[in-house]
Amino acid sequence: MIIKQLSTHEISEVYHHHLKYDFPDNERKPLFVMKNLAKRKLYHCYGLFDSVDNSLKAYAFLARAEQGSSLLLDYFAAVADARGLGYGSKLLQGLSSELPDTAGILAEVEHAADGRDLAERQIRQRRIDFYCRNGFILTPVHGVIFGVHYDIVYLPVQHPADDAFILSELAELYRTMLPKFMFEANVHLEIQGGNTDSPAKVTSNA
């Protein structure tokens, strides 16, 4: 298996053949937005490929803030015919060595307790457990983003997990990706029970 950064053409290929089927319309950025961010070096896309036939097994699209040193795992999936075989874990575990100058990788996971029923709560908890098995730390940082409650997990690369740092990095990521009015109306971040002397919230009133 090899991990490599995707070219602009490969980003389009993954988007059209995989990502648009793996994520619902209301969760998917337009391709031109991803390409524009990539041109500004604010979007980094990686694929895990079979070293024999060069077939794609999993992909990760990550956003970077203009003022910040962490990456946000924006889209991540194993391709449809390669799920359940450990390829997603291989990609996550290999990303650290591909990103030596990165403080860490952030990811959002839907808050397990908010699931509609037991089955959905269990699915959400399994997602959290998956990230934790692959080196991520479940942090006390929470976000309500476009009305959805997320827990925030963090994979340290160069910077250890620190609640205030994670809150600040996540806010900067959203400020980069969203217009100011949209950020202020739809992104609410806070530390729940964390130990920090810094402001513990980033909301529309901040």
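It should be emphasised that the depicted structure is a prediction, and the values quoted were computed from it without experimental measurement.

1. A few points about the confidence of the model for the protein
In this model, the protein carries an average pLDDT of 88, and 94% of its residues clear a pLDDT of 70 or more. This model gives residues 194-200 a pLDDT under 50, and the stretch forms 11 contacts once residues within four places in sequence are excluded.

2. Looking at the pattern of salt bridges
Pairing between side chains becomes possible if they bear opposite charge and their charged atoms approach one another. Tallied over the entire structure, the rule returns 10 salt bridges. Across the pair aspartate 74 and lysine 29 runs a salt bridge, and its minimum N-O distance is 2.6 Å. Residue aspartate 74 is located in strand β4 (residues 71-78), and its partner lysine 29 is located in the loop between α1 (8-22) and α2 (31-39); the two are separated by 45 residues in the primary sequence. Residue classification places aspartate 74 among the buried positions, given a relative accessible area of 18%. Between glutamate 110 and arginine 127 there is a salt bridge whose closest N-O contact spans 3.4 Å. Highlighted residues: glutamate 110 in strand β5 (residues 104-110) and arginine 127 in helix α4 (residues 118-133), separated in sequence by 17 residues. The exposure class assigned to glutamate 110 is partly exposed, which follows from its relative accessible area of 26%. For arginine 127, a relative accessible area of 43% translates into the label partly exposed. Residues participating in the shared-partner salt-bridge network are Glu110, Arg116, Glu120, Arg124 and Arg127.

3. Some details on the environment of alanine 171
On the secondary structure map, alanine 171 appears in helix α5 (residues 163-177). Sequence separation of alanine 171 and valine 109 is 62 residues, and the distance between their C-alpha atoms is 16 Å.

4. Some points on the pairing of strand β2 (residues 43-49)
Of all 7 residues in β2, 7 are buried; the element is thus mostly enclosed. Bridging between strand β1 (residues 2-5) and β2 involves 4 bridges; their strand directions are antiparallel. If you follow lysine 4 over to β2, its bridge partner there is glycine 47. Hairpin geometry of β2 and strand β3 (residues 56-64) is characterised by an intervening segment of 6 residues between the two adjacent antiparallel strands and by a positive phi of about 60 degrees at asparagine 54.

5. Some thoughts on the environment of leucine 85
Note that leucine 85 resides in the loop between β4 and α3 (87-98). When its relative accessible area of 51% is taken as the criterion, leucine 85 is described as exposed. Distance in space between the C-alpha atoms of leucine 85 and leucine 19 is 19 Å, their sequence separation being 66 residues.

Conventions used here
Residues numbered from 1 in each chain as written. Predicted model: local features only at pLDDT ≥ 70, side-chain atom pairs only at ≥ 80, totals over all residues. Heavy atoms only, no water. pLDDT = per-residue confidence, 0-100. Contact = heavy atoms within 4.5 Å. Salt bridge = Lys/Arg side-chain N within 4 Å of Asp/Glu carboxyl O. Helix = DSSP H or I, 4+ residues; strand = E, 2+ residues; numbered from the N terminus. Buried < 20%, exposed > 50% of the residue type's maximum accessible area, 1.4 Å probe, protein only. Pairing = 2+ DSSP bridges.

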